[in-house]
Amino acid sequence: MKVIPIQHAAAAPSPADPANRPAPGLALFDRRGRNVRDLRISVTDRCNFRCVYCMPREVFGDDYPFLPRADLLSFEEIVRVAQLFVARGVRKIRITGGEPLLRKDIDRLIGMLARLDGVEITLTTNGVLLPKLAQRLRNAGLHRVTVSLDALDDTLFRRMNDADYPVEKVLEGIEAARTAGLGPIKVNMVVKRGTNDSDIEAMATHFRHSGHILRFIEFMDVGASNGWKMDEVLPSRDVIARIDRVHPLEPIDPNYEGEVAERWRYKDGAGEIGVISSVTQAFCSTCTRIRLSTEGKLYTCLFAQAGHDLRALLRSADEAASVDARLDAAIAQVWQQRDDRYSEIRTAETATQRKIEMSYIGG
């Protein structure tokens, strides 16, 4: 497999030089000059779906050993870490899973995070629990949601989620989120060639004029369980070409530097779509994301093989101020040593490496 050319980033200060280490509260830059701006927090490793590209049932069956409750970070521990990241420049916090709406009292966590200054709070969900929870989440301070939906054809969708959930349940969730004011809603479709790519045009047609932003994501080699193969990746350029033949499109500028989705709008004014091309058009050079796992480990890349434990520090018996200082120093060290660029150097060989499962650290 051809290696994707590296996109050169601006030179970053060397973290090895103490003079270049920022004091607590100052912005952080990694070895490629990328600052930390987005914190993704997984609140559970459990999910009510068994999507074939994320939690295939043959691996995540009824006897799968999910994390015990005592291993999960408490809401107070999550907020404590989030506060330190916000002081370091994070401006967006996304709650993920597994399925985050399975975490009991998730709206209480949203309310706690919403009190942090200058931060957008978002959440990614499969949508089926939104009819019950959308208004509570909005009242707690959630700004918007992203909903996963991989097909409109009901038979195909049930086969992909492998839990017999119908499309209608997700559409009801999207409507509940719209009614609650959790917009603009983004709808993510992971496209797997030969599995659900037949529904691309139908999805585009359905969400035109809806006010929602449909995004097509290339099938990625996340984790070690989804059986990823390059020939099952449908390049985003092909997705755009197929939609453009039915509903003409034109490119539009990104909303901000480092936005992962390439934006397109319908020429007739029916809205916009996006494509996320981690496989064929790597965007590592502008990645500003860090992930906090359900049990308190930091991961600097979606394709990481190992994390950095914060839970032990969080649960130490030392004075709170001392613990916070040590947590902040650990966060700074992890980010300053970061040089991840997996999608730029992906090959058939790297794709077979054992990596952390997406259901464990979120998308």
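What counts as what
Residues numbered from 1 in each chain as written. Predicted model: local features only at pLDDT ≥ 70, side-chain atom pairs only at ≥ 80, totals over all residues. Heavy atoms only, no water. pLDDT = per-residue confidence, 0-100. Contact = heavy atoms within 4.5 Å. Helix = DSSP H or I, 4+ residues; strand = E, 2+ residues; numbered from the N terminus. Buried < 20%, exposed > 50% of the residue type's maximum accessible area, 1.4 Å probe, protein only. Core = buried A, V, L, I, M, F, W, Y, C linked by side-chain atoms within 4.5 Å. Lys, Arg positive; Asp, Glu negative; His and termini not counted. Salt bridge = Lys/Arg side-chain N within 4 Å of Asp/Glu carboxyl O. Polar contact = N/O pair within 3.5 Å; in protein donor to acceptor, adjacent residues only side chain to side chain. Pairing = 2+ DSSP bridges. Right-handed = clockwise from strand over helix to strand, strands pointing away. Disulfide = S-S within 2.5 Å. Expected span 1.5 Å × (residues − 1).

**Points about the confidence of the model for the protein chain**
Parts of the model with low pLDDT should not have their predicted coordinates read in detail.
So, step 1. Across the protein chain, the average pLDDT comes to 87, with 85% of residues at 70 or higher.
So, step 2. Below a pLDDT of 50 lies the segment residues 1–22, which in the model reaches 43 contacts outside its immediate sequence neighbourhood of four places, other chains included.

**Overview of unusual backbone geometry**
So, step 1. Cis geometry is adopted by the peptide bond preceding G98, which originates at G97 and carries an omega value of 20°.
So, step 2. Relative to the helices and strands, G98 resides in the loop between β2 (92–96) and α2 (106–114).
So, step 3. At D105, a position not held by glycine, the phi torsion is positive, near 60°.
So, step 4. Assignment of secondary structure puts D105 in the loop between β2 and α2.
So, step 5. In this structure D105 comes out as partly exposed when scored by relative accessible area, which is 39%.

**Regarding the nonpolar core**
So, step 1. If you look at the biggest cluster of nonpolar residues, it comprises 104 residues, and the most contacted ones within it are I93, I95 and F216.
So, step 2. In terms of residue count, helix α1 (residues 75–87) provides more of this core than any other element does, 8 residues in total.
So, step 3. Not counting residues up to four positions away in its chain, the partners in contact with I93 are L39, I41, A82, V86, L113, L116, V119, E120, I121 and T122.

**Description of the side chain of K92**
So, step 1. Among the structural elements, K92 can be located in strand β2.
So, step 2. In this structure, K92 is buried with no salt-bridge partner, the nearest side chain bearing the opposite charge being E120 at 4.2 Å.
So, step 3. A distance of 3.4 Å separates a polar atom in the side chain of K92 from a polar atom in the side chain of Y256.
So, step 4. Setting aside chain neighbours within four positions, we find K92 in contact with R37, D38, L39, V119, E120, R144 and Y256.

**Regarding the pairing of strand β1 (residues 38–42)**
So, step 1. Counting buried residues in β1 gives 5 out of 5 residues, a clear majority hidden from the surface.
So, step 2. Of the two faces of β1, both are covered, the one formed by D38, R40 and S42 as well as the one formed by L39 and I41.
So, step 3. Taken together, the 5 bridges between β1 and β2 define a ladder with parallel strand orientation. Across the sheet, the residue bridging to D38 is K92, located in β2.
So, step 4. As for the winding sense of the linkage, the β-α-β connection from β1 through α1 to β2 is right-handed.
So, step 5. Relative to strand β10 (residues 289–292), β1 is paired through 4 bridges, and the arrangement is parallel. Following the sheet pairing, I41 is matched in β10 by L292.

**A few points about the state of the cysteines**
So, step 1. On inspection of all chains with the given rule, the structure shows 0 disulfides.
So, step 2. Left unpaired, C54 is separated from the closest cysteine sulfur, that of C51, by 6.5 Å.
So, step 3. You can call C54 buried: its relative accessible area is 16%.

**Some points on the pattern of salt bridges**
So, step 1. Applying the stated criterion across every chain, the model contains 21 salt bridges.
So, step 2. The partner of D328 in a salt bridge is R88, and the shortest N-O contact between them spans 2.7 Å. A residue pair is termed long-range when its members are at least 10 positions apart, and D328 in helix α9 (residues 320–336) and R88 in the loop between α1 and β2 qualify at 240 residues. Across this residue pair, the class does not change: D328 and R88 are buried.

**Regarding α1**
So, step 1. With 13 residues, α1 should cover 18 Å at 1.5 Å per step; its first-to-last C-alpha distance of 18 Å lies within 8% of that length.
So, step 2. Positive phi shows up at G89, right after α1, with a value of about 115°.

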